[in-house]
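Structure at a glance
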Amino acid sequence: MSLYDRLFARVYDRSMAGSEEAGPTEKRVALLAAATGRVLELGAGTGLNVVHYPPAVRELVLTEPDEPMLRRLAPRVAASRPRASTICAPAEQLPFEAGSFDTVVSTLTPIWRRIGRGCHPNRATAAAIEAAGLELDDLQRGRFPQAPRFVEPLAMGAAVKPG
Ligand SMILES: C[S@@+](CC[C@H](N)C(=O)[O-])C[C@H]1O[C@@H](n2cnc3c(N)ncnc32)[C@H](O)[C@@H]1O
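Residues numbered from 1 in each chain as written. Predicted model: local features only at pLDDT ≥ 70, side-chain atom pairs only at ≥ 80, totals over all residues.

The number of helices and strands found in the protein is 4 helices and 6 strands. Reading the protein from its N end, one meets helices and strands in the order α-α-β-β-α-β-β-α-β-β. Expressed as a percentage of its 163 residues, the buried residues of the protein come to 23%. For the protein, the proportion of contacts with a sequence separation of at least 24, taken over those separated by at least 6, is 52%. (Helix = DSSP H or I, 4+ residues; strand = E, 2+ residues; numbered from the N terminus. Buried ≥ 20, exposed ≤ 12 C-beta atoms within 10 Å, placed from the backbone. Contact = placed C-beta atoms within 7 Å.)

See the structure below:
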């Protein structure tokens, strides 16, 4: 674990605060309103989504591969959603059977690989989701407020299995 990893985790909430109040928190609430049943969140970070999950969520499992982020996620989960569980795992190596969740959530994960702790802001996220065989429902595009230009593009929606 590098000094950068620890620093990224330490400043994450503070660096997001201005942007969050200018709109993204509202988008988190709107997106998570559709979450239901057994829910898996990928790359949960420090847990900014945790307080916004609706009552229809029966079980919540939060995964995060980065230990410094996970150390900030765990107390937030314990304080606001004590029955949820946290797991240290990347999205590519999940310790679950396929099809064992009703909803999968991931927010703000496509951030630039080098500065964003392994994420890719320069990836065509919607195209990658469609290429994986999922359909995008209600895709909305926008800009992340008060953010550096290279992390501004925002895509929000639900990816569903066809049929
Ligand atoms: C910009 S933060 C977003 C955190 C949180 N989802 C949010 O909305 O505030 C990106 C997160 O993705 C995580 N991440 C990076 N690579 C990942 C991977 N391969 N699988 C799952 N999460 C990953 C990082 O550790 C980091 O916590």
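The next point concerns the environment of Ala 158. Within the secondary structure layout, Ala 158 lies in strand S6 (residues 153–160). Classification of Ala 158 as partly exposed rests on a count of 16 C-beta atoms within 10 Å. Sequence separation between Ala 158 and Thr 103 is 55 residues; the distance between their C-alpha atoms is 9.5 Å. If near-sequence neighbours (up to four positions away) are discounted, Ala 158 is found in contact with Ala 34, Asp 137 and Asp 138.

Note: α-helices contain 3.6 residues per turn, so residues at a spacing of three or four share the same orientation. Here helix H2 (residues 24–32) has its buried residues at Pro 24, Arg 28 and Leu 32. Here the buried residues of H2 occupy an arc of 70° about the axis, which is enough to place them on one side. Set apart from the buried face of H2 by more than 90 degrees, the exposed residues are Glu 26 and Ala 30. Turning to H2, the residues buried within the fold contact helix H1 (3–21) and strand S4 (103–105). (Arc of directions from axis to C-beta.)

With parallel pairing, 4 strands are arranged side by side in an open sheet as S3-S2-S1-S4. Pairing within the sheet leaves two strands with one partner each, and these edge strands are strand S3 (85–87) and S4. Across the sheet, the mean angle from the axis of one strand to that of its neighbour is 20°, orientation sign disregarded. Relative to S4, strand S1 (residues 37–41) runs parallel, the two being bridged by 3 bridges. In the sheet register, Leu 40 faces S4, and the bridge partner there is Val 104. Across the face of the sheet, helix H3 (residues 67–80) comes into contact with strand S2 (57–63) and S3 while running at roughly 175° to S3. (Pairing = 2+ DSSP bridges. Axes fitted to C-alpha atoms, helices over the stretch in contact; angles between N-to-C directions.)

Attention shifts here to the nonpolar core. Counting 16 residues, the largest nonpolar core has Ala 35, Val 39, Tyr 53, Leu 60, Leu 62, Leu 73 and Val 77 as its most contacted members. With 4 residues, the single largest contributor to this core is H3. (Core = buried A, V, L, I, M, F, W, Y, C linked by C-beta atoms within 7 Å.)

Another point: the pairing of S2. Of the pairings in the sheet, the one linking S1 to S2 comprises 5 bridges and is parallel in character. Among the inter-strand pairings, Leu 40 is bridged to a residue of S2, identified as Val 61. Of the pairings in the sheet, the one linking S2 to S3 comprises 3 bridges and is parallel in character. The residue of S3 that forms the bridge with Thr 63 is Ile 87.

The next point concerns the environment of Ala 33. With respect to the secondary-structure elements, Ala 33 resides in the loop between H2 and S1. Since 12 C-beta atoms lie within 10 Å of it, Ala 33 is described here as exposed. Taking the C-alpha atoms as reference points, Ala 33 and Ala 56, separated by 23 residues in sequence, lie 8.6 Å from one another.

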